[in-house]
Amino acid sequence: MADALDQTYAIEYECGSGNEFDGRLGLRISSIFVIGFGSLLGALLPIAAARTKRMRVPPLAFFITKYFGSGVIVATAFIHLLSPANANLNSPCLTGPITDYDYAQGIVLMTIFLMFFIELLAARFDVFGTSHNHDVEALDPSSDYMRQVEKHNIEQNQMQMAASPPNQVRNDLDSSENSQSYLFVPNAHERHKNDNSPGSNSISETDSGTGASKPEPGSHQTHHQSVPVRPNDFSYPPGGEDHLGHHRDHDVSDNHFAAQLTGLFILEFGVLFHSVFIGLSLAVAGDNFTVLYIVLVFHQTFEGLGLGSRLATARWPRSKKWMPWFLGTAYGFSTPIAIAIGLGVRATFSPGSQRTMIVNGVFDAISAGILIYTGLVELMAHEFMFNHEMRKSSIKMMMFAFSCMCLGAGLMAVLGKWA
């Protein structure tokens, strides 16, 4: 028994140079075109669906694609980038100072703070020249879909009210008044104007039967914030204005525009680096090449959908309406070009060497930080908490969007078993 306890076990790691390239050159060359086609299809199809009149894609399809792609981006950050970064930078094959600290998490942390700092500067100094720029295109079929559904629900409610007995209608209105009534809270500019107007009142005329404020046509009250947790309140937190009480819709729109474009370029940067490294790895893969080939076709197509749906719905200046097409095409060609380069240097490229593992791990960690920040802030928080159309929509619509996002994340998480 003592002899059994004294036994020790040794684990051997192969840390040699070279790669597992085993021929099948024709199949590897075919991956350049197949993966390239899938990447271009995923990235450019949403752009074409939203920005060309020839393609009449149902808004529901675009809605599903948009939120499905958001889940893909978030899952890619954690499963396909952070995990490989940990594996490379914590490999027992590494020696020297790189082994003294868990650099993968540290790089991700620094990247997230850097991305936030870059967005702050971009919004503050107007690096995209967005101040007072109204020459922008905003095309979002998913928002159109939510508006159509909301309009249909309102029409159905009106038809039901018209078909109900008068007593029932009166009871419904009383119930609506008790649960839906709210007051507009004017901003500082409006309060000052009202104080100088004799007999004026900051509360607009109440619509009879509903208790809801009814702003006068052409007035600025359509921009007022309301008492928290009311149906017309789309600020975040609900009912909130800025700390000085000066709500400037125009300035907020400009700042969000700059932050949105900055986030898109950051997202493109992170996705491109990831695509390059997986292309190099596929080019020199060994026995698992076939499985990796099939998985990466779906991986790049789904990731392209996530990127393309964001490029399609961004508010691009008309002078730069070519930009989403350019960025989508750049993504589509990144992996095929990397595969071709990997095949060209297959005799000397060594994925298992210390230098390659460190470079791959560092860039995977940087890309993970970029996609984590973009996924959680730009895709999840902005689309569900700051999106006016989503805040107005029903709970059913919100849960449908959330389910699409979970589906995208789940599928990418499953693909992480092989790639």
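Residues numbered from 1 in each chain as written. Predicted model: local features only at pLDDT ≥ 70, side-chain atom pairs only at ≥ 80, totals over all residues. Heavy atoms only, no water.

Caption draft 1: Representation of the overall build of the protein. In terms of helices and strands, the protein carries 13 helices and four strands. For the protein, the residues scored as buried account for 42% of the 419 residues in total. Carbon and sulfur atoms make up 63% of the accessible area of the protein, which amounts to about 22,800 Å² in all. (Helix = DSSP H or I, 4+ residues; strand = E, 2+ residues; numbered from the N terminus. Buried < 20%, exposed > 50% of the residue type's maximum accessible area, 1.4 Å probe, protein only. Areas by Shrake-Rupley, 256 points an atom, 1.4 Å probe, with all protein chains shown as cover.)

Caption draft 2: Spotlight on the packing of helix α4 (residues 103-125) against helix α11 (residues 354-384). Two elements in contact, α4 and α11, have axes whose closest approach is 8 Å; the angle formed by their N-to-C orientations is 50°. By the criterion of interaxial angle, the relationship of α4 to α11 is oblique. The chirality of how α4 crosses α11 is right-handed. On α11, the residues touching Ala104, Ile107, Val108, Thr111, Ile112, Met115, Phe116 and Glu119 of α4 are Val362, Ala365, Ile366, Ala368, Gly369, Ile370, Ile372, Tyr373 and Glu378. (Axes fitted to C-alpha atoms, helices over the stretch in contact; angles between N-to-C directions. Parallel < 35°, antiparallel > 145°, perpendicular 65-115°, else oblique. Left-handed = near helix turned anticlockwise from the far one by under 90°. Contact = heavy atoms within 4.5 Å.)

Caption draft 3: Molecular detail of the packing of aromatic side chains. Within the structure shown, the criterion is met by 12 aromatic pairs. With a centroid separation of 5.5 Å and an interplanar angle of 10°, the aromatic rings of Phe63 and Phe400 are classed as stacked. Of this pair, Phe63 sits in helix α3 (residues 59-89) while Phe400 sits in helix α13 (residues 395-415), placing them 337 residues apart in sequence. The class of Phe63 is buried, set by a relative accessible area of 0%. On the basis of an interplanar angle of 35° and a centroid distance of 5.7 Å, the ring pair of Phe277 and Phe363 is categorised as tilted. A residue pair is termed long-range when its members are at least 10 positions apart, and Phe277 in helix α8 (residues 249-283) and Phe363 in helix α11 qualify at 86 residues. (Phe/Tyr/Trp six-rings, centres within 6.5 Å; stacked < 30°, edge-to-face > 60°.)

Caption draft 4: Seen up close, a nonpolar patch on the surface. Side chains of Leu114, Phe116, Phe117, Ile118, Leu120, Leu121 and Phe125 sit close together on the surface and give an oily, nonpolar patch of about 670 Å² of accessible area. In this fold, Leu121 is placed in helix α4. (Patch = residues over 30% accessible without salt bridge, like charges linked within 9 Å, V, L, I, M, F, W, Y side chains within 5 Å. Salt bridge = Lys/Arg side-chain N within 4 Å of Asp/Glu carboxyl O.)

Caption draft 5: Representation of the nonpolar core within the structure. Among the nonpolar cores identified, the biggest contains 39 residues, and Val108, Leu264, Leu267, Leu311, Trp316 and Leu371 are the most heavily contacted of them. Secondary structure elements with two or more residues in this core: α2 (25-51), α3, α4, α8, α9 (289-313), α10 (323-344) and α11. Broken down by element, this core gets its largest block of residues, eight residues, from α11. Within the second largest apolar cluster, 17 residues are counted, among which are Ile278, Leu280, Val284 and Ile339. (Core = buried A, V, L, I, M, F, W, Y, C linked by side-chain atoms within 4.5 Å.)

Caption draft 6: Up close: the side chain of Lys66. For Lys66, the location among the structural elements is in helix α3. For Lys66, the side chain forms a polar contact with the side chain of Glu383, separated by 3.2 Å. (Polar contact = N/O pair within 3.5 Å; in protein donor to acceptor, adjacent residues only side chain to side chain.)

Caption draft 7: Region of the structure containing unusual backbone geometry. Positive phi, normally seen in glycine, also occurs at Arg24, with a value near 55°. Among the residues examined, Arg24 registers a relative accessible area of 32% and is labelled partly exposed.

Caption draft 8: Focus on the pattern of salt bridges. Enumeration over the complete set of coordinates arrives at five salt bridges. Because the salt bridges share partners, they merge into one network encompassing Asp22, Arg24 and Arg28.

Caption draft 9: Layout of α10. Look at α10: 31 Å from first C-alpha to last across 22 residues, which is about the 32 Å you get at 1.5 Å a residue. At Ser334, α10 is bent by approximately 30°, the largest bend along its length, and proline Pro336 sits one to four residues beyond. (Expected span 1.5 Å × (residues − 1). Bend = angle between axes of the 7 residues up to and from the residue.)

Caption draft 10: Layout of the confidence of the model for the protein. Averaged over all residues, the pLDDT of the protein equals 76, while 68% of them reach at least 70. Mean pLDDT per element in the protein: strand β2 (residues 184-185) is the minimum at 40, and α10 is the maximum at 94. Predicted confidence for residues 176-252 stays below pLDDT 50, and this span has 93 contacts to residues more than four positions away or in other chains. (pLDDT = per-residue confidence, 0-100.)

Caption draft 11: The arrangement of the environment of Asn360 in detail. Topologically, Asn360 is positioned in helix α11. It is 9.7 Å that separates the C-alpha atoms of Asn360 and Ile278, two residues lying 82 residues apart in sequence. Asn360 has contacts with Asn88, Phe277 and Ser281, leaving out every residue within four places of it along the chain.

Caption draft 12: The arrangement of the packing of α2 against α10 in detail. Running from N to C, α2 and α10 point in directions that differ by 170°, and their axes come no closer than 9 Å. Judged on the interaxial angle alone, α10 and α2 are roughly antiparallel. Split into classes, the residues belonging to the contact of α2 with α10 amount to 17 nonpolar, seven polar and two charged. (Nonpolar A, V, L, I, M, F, W, Y, C, P; charged D, E, K, R; others polar.)

Caption draft 13: Just the environment of Pro84, in detail. Mapped onto the fold, Pro84 is located in helix α3. According to the relative accessible area criterion, Pro84 is partly exposed, its value standing at 26%. Placed 273 residues apart in sequence, Pro84 and Met357 show a C-alpha to C-alpha distance of 9.9 Å. Setting aside residues up to four positions removed in sequence, Pro84 forms contacts with Ile79 and Asp364.

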